[in-house]
Amino acid sequence: MTTLSNKARKAQLLGGTGIAAALALSFSGAVSAQDAAAEETTFEEVVVTGSRIVSPDISSVSPVHVIGGEMIRQSGVANIQDLLLESPQFGVPGLSRSNSAFLTSGTGAATVDLRDLGSDRTLVLFNGRRVVSGRPGTATVDLNIVPTQFIERVDVLTGGASSLYGSDAVAGVVNFVFKKDFEGIEASAQYGITEEGDDKNYQANVTVGSNFADDRGNMMFHVGYTDQKGVLSRDRKNTQLDDIDLFRLTGDPADFGTESAPFLSSFPPQGRFATGSGATWTFDADNNLRPCFNTNGGTAPASCGDAAGQAIGPDGFNRQHYRTIAVPVERYLMATRGHYDVTENITFFAEGTYANTRSSREIEPFALGSDNIYPASGGLMAIETMVNGTMMVNPLIPQAIVDDAVDSDGDGFRDLSFARRLLEFGTRNGSVNRDTFRFSAGFEGSFMDDKFNWDVSYTYGRTSESQQSNGQVNVLNFANALAAVQDVNDLDNDGSTTDAICASADARAQGCVPVNIWGHNSASQAAINYIAADQTLETRISQQVINANVSGALFEMPAGPLGVAIGGEYRKETSSANNDALTNAGLNAGNALPDTYGSFDVKELYAEINVPILADLPFAESMNLRAAGRLSDYSTVGTVYTYSLGLDWSPIEDIKFRGTYARSVRAPNIGELYTGPSQTFPSGLTDPCAGIGATGGGAAGDNCRADAGVLANIAANGTFTLNQSDLQGISGFNSGNADLFEEKSDSITLGVVITPNSVEMLRNFTITVDYFNIEIEDAIVAPPRQFILDQCYGQGEQSFCDLIQRRAAATATNSAGSLEFINAPLFNGGALKTEGLDVSIRHMTSLEGLGITGDLRSSIVYTNYFKGYTVPIPGADRDPFVGEIGDPKHRFTANMTYSHERFDIGLTGTYLGKSYEDDQFLAAFGLEPDDISVGAEVYLDLNATYRINDTVEVYGGIDNLLDNKAPNLLSGTTFNVTGTDTAADVYDVLGRRFFFGARVKF
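Presented here is a report on the structure given in the accompanying data block. (Residues numbered from 1 in each chain as written. Predicted model: local features only at pLDDT ≥ 70, side-chain atom pairs only at ≥ 80, totals over all residues. Heavy atoms only, no water.)

Secondary structure summary: the protein chain contains 18 helices and 54 strands in total. For the protein chain, the C-alpha radius of gyration of 32 Å lies close to 30 Å, the compact-globule estimate for 1002 residues. With the C-alpha coordinates aligned to their principal axes, the bounding extent of the protein chain is approximately 100 × 65 × 55 Å. Taking the intrachain contacts of the protein chain between residues at least 6 apart in sequence as the baseline, contacts between residues at least 24 apart amount to 70%. Looking at the protein chain as shown, the accessible area adds up to about 39600 Å², and 54% of this sits on carbon and sulfur atoms. On the protein chain, the mean spot of the 69 positive side-chain charges and the mean spot of the 123 negative ones are 5 Å from each other. (Helix = DSSP H or I, 4+ residues; strand = E, 2+ residues; numbered from the N terminus. Rg over C-alpha atoms; globule rule 2.2 N^0.38 Å. Contact = heavy atoms within 4.5 Å. Areas by Shrake-Rupley, 256 points an atom, 1.4 Å probe, with all protein chains shown as cover. Lys, Arg positive; Asp, Glu negative; His and termini not counted. Charge placed at Lys NZ, Arg CZ, Asp CG, Glu CD.)

Right, let's talk about the state of the cysteines for a bit. As enumerated under the stated definition, the model contains three disulfides in all. Put simply, C792 and C801 are joined by a disulfide, and their sulfur atoms are 2.0 Å apart. Since a negative S-S torsion denotes a left-handed disulfide, the C792-C801 link at about 105° is right-handed. Residue C792 shares its accessibility class with C801, and that shared class is buried. (Disulfide = S-S within 2.5 Å. Buried < 20%, exposed > 50% of the residue type's maximum accessible area, 1.4 Å probe, protein only.)

Overall, mixed pairing links the three strands, which are arranged β38-β39-β44 in an open sheet. Two strands close off the open sheet at either side, each with one partner strand: β38 (678-680) and β44 (824-825). As judged from the three bridges shared by β38 and strand β39 (residues 732-735), these two strands associate in the antiparallel manner. Opposite S678, over in β39, you have N734 as the bridge partner. Those strands touched by helix α16 (residues 785-795) are β38, β39 and β44, and its axis lies near 105° from that of β39. (Pairing = 2+ DSSP bridges. Axes fitted to C-alpha atoms, helices over the stretch in contact; angles between N-to-C directions.)

In the structure shown here, the tally under the stated rule is 38 salt bridges. For E424, the salt bridge goes to R420, with nearest N and O atoms at 2.8 Å. Each member of the pair E424 and R420 is classed as buried. Residue R434 pairs with E465 through a salt bridge whose shortest N-O separation is 3.0 Å. With a gap of 31 residues between them, R434 in strand β28 (residues 428-447) and E465 in strand β29 (residues 452-473) connect regions that are remote in the sequence. Residue E465 is classed as buried on the basis of its relative accessible area, which comes to 4%. Here the residues in one salt-bridge network are E70, R73, E186, E953, R999 and K1001, joined through shared partners. (Salt bridge = Lys/Arg side-chain N within 4 Å of Asp/Glu carboxyl O.)

Right, let's get into the side chain of E742. If you trace the backbone, E742 turns up in the loop between β39 and β40 (743-754). Residue class for E742 comes out buried when judged on its relative accessible area of 11%. The residues touching E742, leaving out its near neighbours within four places in the chain, are V637, V640, V665, R666, A667, P668, D778 and N828.

With that settled, the discussion passes to the pairing of strand β10 (residues 201-212). As judged from the nine bridges shared by strand β9 (residues 184-194) and β10, these two strands associate in the antiparallel manner. Directly across from I185, in β10, lies its bridge partner V208. Counted along the chain from β9 to the antiparallel partner β10, the turn is six residues long, and its residue G197 has a positive phi close to 85°. Two strands pair when backbone bridges link them, and β10 and strand β11 (residues 217-228) are joined in this way by twelve bridges, in the antiparallel orientation. In the strand pairing of β11, V206 is matched with V223. In sequence, β10 turns back onto β11 through a hairpin of four residues, with A213 there showing a positive phi of about 55°.

Structural measurements only, silent on function.
And the structure:
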């Protein structure tokens, strides 16, 4: 134990570090260490977030924002993500309840993203130690595994910290510090509901702790349960129907979001059929066939014949009825933490967490196009089949469509294309079951009369996920079922020669049943059973970490002790993701997705030093130099170096200046290194060889003519000529890259902390101002395919030409020399930068001077982002994200709490500044970056606690007190989360909601 003087304590607190939790400030609002009153108190030596030196005098020279346990308790959040996102340092989460319904994996997961630089660039720790990932192939931690009611505090360190914590701490660190030395029993139960009566949620938590062995040890257990029911799009009036902005119709930004019209899908459940003659056929609600299709209703087109001029339809499909605003999430959580003093100087410690998370999703039935079944022909389906030398027509097709069909591709068979919503197959549902287990155990102690501290630990974590999905189809079976012929020979032995059977005898032997797609509810259950295909995804992630550290004071210097820390770490990670066979082959009407497996390990050594330069001098109350370095040897990228240098200077007791420079890295993760080729079908590409002749065309012409297929095309047509199938038939594969190397980041923070205790009227204020600048180079990105084409043919870059494959000769549907594959593996070629200013103002005072019993505490945390942009590939223009939706230039959170002996009342306001639509999206419509904006939003949350006695308290609150409605973004804009008609991961989509509960402590 070390007794701190008033001056030493204040110096310790100025860093805004994890020691703040030891002060146990209990008020509703984000706290920092500066909020403590300066008085002589006894403290144990601790490790603060932002330093590995164990000392009572060490503080972080980088800004650390602390969210106190009392704020967590009073907020009533089921998932800590909801509270973290109120802090302006956090950007749009990569995964949340409101943006993961449409994903093939990750449904219901919850992640954080400091400075909006990517979730993989934010390192998440439990009690200063690493946590196993929640998503295969990544380093992203799923915050569903965090036992919210077991948290003592959350330390948010902003700025690069790889020299202290290793890879991934590029944007910063989020350190969850759990309770310690808890004694007694605390139980709570909570219920919440929205004003609309949906998204009901339930919580129940029990924490038990006790000392044992004459107080030489302590053991704690925590069990928690949460159940968030979720919200469907059809349950809210504003999302019951697919809409399209008038902006999309008029091209006038002034109309954007002012009013809307129905926008129904052109993939209807009754089918839409194009025969090649110019007509598009469909069925009305009574299954009457007509030669026209009217997506949204209104005046009938002339192609409807007698119905021309009459209102018909709409024929389209409302997808919103089957979509989700917020997915349901159910969690079972357990946590434990304990320690035992083996001797006076050696302590055994252990901690463990277990989480089971279950989530599900519902989206609209599959939209099947004939191109999903017949990609080689560009989606043309033959309606005739040659059987024993006889041409036979599919008898299930209406005769009018048969008569209108033509042979579009010249193969001798009449054909058509179709689009159909597979309503009979049901909605696409997915269920996810994730299990995460983590434990850490080790020994810690001191030697040389407590001058040095040491610890050694082993941490193991494992995440397993099982995902089951339905609503897809087996495209091979579907093709067999569509190739139906009349059973003139009664091959199925049912006594009828007029019914339909599958044309292929092999398919019939495997249970093929013809499918009728012509009209509403026309597919039989037998056909559905034959065609339907479920999907499975099984993942497993493991992490092992061995860590050893020694720290303390080497010797006393004139200005104080020279603090050092040295240590080593070994870490091994593995990850696997296994899809079902149909998904692997791309035979479920989706793209081919490979299985991924990989592992890596890393051996690391680090050192940190704190040099006290000046103390107790005029204009130098204190001055300290901090330096840290880490040497890491990866099995994948080899040896990398990270380092940091920091300085803090207090010219007087009330002011402290601080600054850091840090070089950080992010090694490529398993998914980026080892993900196999995943097929995609890009659109909107322009072939640089189009129109090239036998001569001319400059460098592009020479590079194009170097391909034999292109030369053959030119010889046949005079110039390189493409048909529609060529444009639609371009494919390619996205993949990892085993040759990736590490991303590098340079970050600078400069700040000042003002605690004007010498000024009576300001002594209860704390003000911090910190400038930050983070720049990432060699960012891991996938090159855009148009860029690949331009670099190959315009610049002659062979490395890009190697990614392109053209057809050597003409096929039945494609021209010689046409593009077949453009592959896009990941590479180190991007860049990111963000820059801005954080300002924090805190105040606390007793109201007794006003004749009011109680205390008032308030805080404001504000961030002004100056700039933030990405450079997707070398030589490309900057793509700004700061100022756009989700990253407003101005954000702040303000809190005010009144505390009385019996009750607390707190009010929190969150401000999101005016934002703009994505500049790339706007440019596609010929608009300027500031043509379409979304106004500022202010959210207010109210909470209150009443202590009935020393044992029982009741609490409650209202979130989104003003019932702010999320801005309508509509029509497929960049930030529109499917099913919500807004940026659901930015703005509140649930509206006003209430929670109330009770706690018992004894």
